[in-house]
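# Examining the three-dimensional arrangement
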Amino acid sequence: MLFSGMHQKSWFNKLKEREATFIAVNGKDNINNLKNPISSREIVCSELIMANVSMGVSWWQIFIGSIHQLFGGNITTYDRVLAYGRTEAFQRLREKALAKGWDAVVNVRLETATVMQKQRGDKKKGGAFEFLVYGTGIKYR
Amino acid sequence: MFVSNTETIHGKTIIQSLGVVTGSTVRAKHIGKDILAGLKNIVGGELKAYTELLQEARAEALNRMMMDAMQRGANAIVNVRFATSSVAGGAAELFAYGTAVQTD
């Protein structure tokens, strides 16, 4: 519980590394959020693809977050969880697109949702975040 | 059925639009996995049970949207968007919507 914050830092570094090596191996990032692909090559086929990840905030992080909330400002513990979840979701989409043989993914959109939230009276308690990333995979001739 | 979240279909022309089609589903994981996910939430990190649950549910919502489109005689859905809302503790509503079209 106490050390999950430290673990998270190393997870995040690992994830960043994974992302960097993926882009280095493929030469370029294969996802973008443009409506139409930049290259004017002919497209053979396309399909909707999506990737998701759900992240929980640990009790310790919620506790630290609530202390931060007293003074206002940047809530670093939440920051880290959200940043990790988002990066992970994008990375999964990249890997999924490569595994399925798509040359690129266009029109990528990100959706965030709160799941598992318990409501007691007026108070909303805890919960996990879910990140969904979806786009259209395209294949060039 | 062809599904895409772009406004047009590459390599095909859209003949006519058949209106907005929707598909939704409300899902909850069974109590055992819910408790395990709750325990995992103490330490934080990824909740695999929920990732899986939402993936299944989203596929179901997509399926229902496709059924709706099929009934209207469409052969493709363009500009698909997703939305999520939590209705109760442990349950989530997944919603997918798009425009049903007919292509040549």
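So, a few notes on the structure that sits alongside this text. (Residues numbered from 1 in each chain as written. Chains lettered and ligands numbered in written order. Predicted model: local features only at pLDDT ≥ 70, side-chain atom pairs only at ≥ 80, totals over all residues.)

### Here's the deal with the overall build of chain A
Applied cut-off: The helix count covers DSSP runs of H or I at least four residues long, the strand count covers runs of E at least two residues long, and both are numbered beginning at the N terminus. Comment: burial labels come from other C-beta atoms within 10 Å of the residue's own C-beta, placed from the backbone, where a count of 20 or more is buried, 12 or fewer is exposed, and between is partly exposed. Here contacts are defined at the residue level, using C-beta atoms placed from the backbone and a cut-off of 7 Å between them.
The number of helices and strands found in chain A is three helices and five strands. Its helices and strands taken in sequence order, chain A reads α-β-α-α-β-β-β-β from the N to the C terminus. For chain A, with 141 residues in total, the buried portion stands at 33%. Residue pairs in contact within chain A that sit at least 24 positions apart in sequence constitute 81% of those at least 6 positions apart.

### Side note on the interface of chain B and chain A
The condition that has to hold: Ten residues, namely Ala, Val, Leu, Ile, Met, Phe, Trp, Tyr, Cys and Pro, are considered nonpolar, four, namely Asp, Glu, Lys and Arg, are considered charged, and the remaining ones, Gly among them, are considered polar. Strands qualify as paired when DSSP identifies two bridges or more between them.
Contacts between chain B and chain A engage 27 residues on the former and 36 residues on the latter. If you list the elements that add at least two residues to the side of chain B that touches chain A, you get α1 (31-43), β3 (45-46), α2 (48-71) and β4 (76-88) of chain B. With five residues, α1(B) is the largest single contributor of residues to the side of chain B that touches chain A. Residues belonging to the side of chain B that touches chain A are distributed by class as follows: 10 nonpolar, 14 polar and three charged. Judged from the two bridges that link them, strand β1 (residues 43-56) of chain A and β3(B) form a sheet pairing that is antiparallel. In the strand pairing of β3(B), A:Met55 is matched with B:Glu46.

### Things to note about the packing of helix α2 (residues 59-71) of chain A against helix α3 (residues 76-99) of chain A
All names here are of chain A. Basically, it comes down to this: Angles run from 0 to 180 degrees between N-to-C directions of axes, and those axes are lines fitted to C-alpha atoms, restricted for helices to the stretch in contact. Working rule for angles: under 35 degrees goes down as roughly parallel, over 145 as roughly antiparallel, 65 to 115 as roughly perpendicular, anything else as oblique.
Closest axis-to-axis distance for the α2/α3 pair is 7 Å, and the angle between their directions is 130 degrees. With respect to their mutual orientation, α2 and α3 come out oblique. Mapping the contact onto sequence places Gln61, Ile64 and Gly65 in α2 and Thr77, Tyr78 and Val81 in α3. In the contact of α2 with α3, the residues fall into three nonpolar, three polar and no charged.

### Remarks on the sheet that holds β1(A)
Here we have four strands laid out as an open sheet, ordered β2(A)-β5(A)-β1(A)-β3(B), and antiparallel in their pairing. Bordering the open sheet on either side are β2 (104-115) of chain A together with β3 of chain B, each of which pairs with just one other strand. With respect to the sheet, α3(A) is in contact with β1, β2 and β5 (128-140) of chain A, its orientation differing from that of β1(A) by roughly 150 degrees. α2(B) contacts β1, β2 and β5 of chain A together with β3 of chain B of the sheet and is inclined by roughly 145 degrees relative to β1(A).

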